[in-house]
Amino acid sequence: TTTTTTTTAAAASSPPGAACCDSTSEHSFRSSASQPPSAPPVPEIPLRPRGLLGEITYLLSRWQYVLPFLINQSGSLMFYLLLSQSDVSLVVPVANSLTFLFTTLTGAALGEPFGGIGTLLGIACIVGGVAITMQTE
């Protein structure tokens, strides 16, 4: 019973980990671009460093990239902590299925088209599957 309670508690904290990890992927992708796709090209700044080190410095100086990156990494850390406390057969399917849910919801929050009734049906199936998985474990 103690193992089941610990496993269920660890699995219940998997959704926040999945949310941290997956909801930031779309935002990180968007903010890593130097310019928005619809903006006209900006002339090259002569003082901007070039090469790999320059690109890393440039990205790390933008909070729009660093904040989602740190949230994403905290989700990854939470995932590994859950793996150490719970069954792999429970944590991995729950986290992987919630990937699609949080990516879809974050995309919709950022203004992407939602997808209609098929997307809602998929979200309902994911939530139902996660609930069944957590109930049986």
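Given the structure is predicted, the values throughout are model-derived calculations rather than measurements.

Once that is clear, we can look at the overall build of the protein. Across its full length, the protein holds six helices and zero strands. Overall, the protein shows an N-to-C arrangement of helices and strands of α-α-α-α-α-α. By residue count, 24% of the 137 residues in the protein fall in the buried class. Intrachain contacts of the protein at a sequence separation of at least 6 include 77% that bridge at least 24 residues. Accessible surface, the protein: about 8800 Å² in total, of which carbon and sulfur atoms supply 70%.

Before going further, it helps to examine the packing of aromatic side chains. In total, this model carries two aromatic pairs according to the counting rule given. Ring centres of Tyr65 and Phe69 lie 6.2 Å apart, and the angle between their planes is 10°; on these two criteria the pair is classed as stacked. Taken together, the positions of Tyr65 and Phe69, both in helix H4 (residues 63-85) and four residues apart, correspond to about one turn of that helix. Using a relative accessible area of 37% as the deciding quantity, one classes Phe69 as partly exposed. Between Phe79 and Tyr80, the ring centres sit 5.6 Å apart and the planes meet at 70°, which makes this aromatic pair edge-to-face. Relative accessible area serves as the criterion here: at 55%, Tyr80 is assigned to the exposed category.

So, on to the packing of helix H5 (residues 88-109) against helix H6 (residues 117-136). One way to put it is that H5 packs onto H6 with a least axis distance of 10 Å and a crossing angle of 155°. It follows from the interaxial angle that H5 and H6 lie roughly antiparallel. Handedness of the H5/H6 crossing: left-handed. Together, Leu90, Val94, Ser97, Leu98, Phe100, Leu101, Thr104 and Leu105 of H5 and Thr119, Ile123, Ile126, Val127, Val130, Thr133 and Met134 of H6 make up the contact between the two elements. Residue composition of the contact of H5 with H6, grouped by class: 11 nonpolar, four polar and no charged.

With nine residues, the main nonpolar core is built from Leu90, Val94, Leu98, Leu101, Phe102, Ile123, Ile126, Val130 and Met134. The biggest single contributor to this core is H5, with five residues.

It is worth spelling out H5 at this point. The end-to-end C-alpha separation of H5 is 31 Å, in line with the 32 Å expected for 22 residues at 1.5 Å each. Its maximal kink placed at Thr99, H5 deviates by approximately 25°. For H5, every residue scored as buried is listed here: Leu90, Val91, Val94, Ala95, Leu98, Leu101, Phe102, Thr106 and Gly107. Phi for Gly111, located one or two positions after H5, is positive at around 100°.

Quick notes on the rules
- Residues numbered from 1 in each chain as written.
- Predicted model: local features only at pLDDT ≥ 70, side-chain atom pairs only at ≥ 80, totals over all residues.
- Heavy atoms only, no water.
- Helix = DSSP H or I, 4+ residues; strand = E, 2+ residues; numbered from the N terminus.
- Buried < 20%, exposed > 50% of the residue type's maximum accessible area, 1.4 Å probe, protein only.
- Contact = heavy atoms within 4.5 Å.
- Areas by Shrake-Rupley, 256 points an atom, 1.4 Å probe, with all protein chains shown as cover.
- Phe/Tyr/Trp six-rings, centres within 6.5 Å; stacked < 30°, edge-to-face > 60°.
- Axes fitted to C-alpha atoms, helices over the stretch in contact; angles between N-to-C directions.
- Parallel < 35°, antiparallel > 145°, perpendicular 65-115°, else oblique.
- Left-handed = near helix turned anticlockwise from the far one by under 90°.
- Nonpolar A, V, L, I, M, F, W, Y, C, P; charged D, E, K, R; others polar.
- Core = buried A, V, L, I, M, F, W, Y, C linked by side-chain atoms within 4.5 Å.
- Expected span 1.5 Å × (residues − 1).
- Bend = angle between axes of the 7 residues up to and from the residue.

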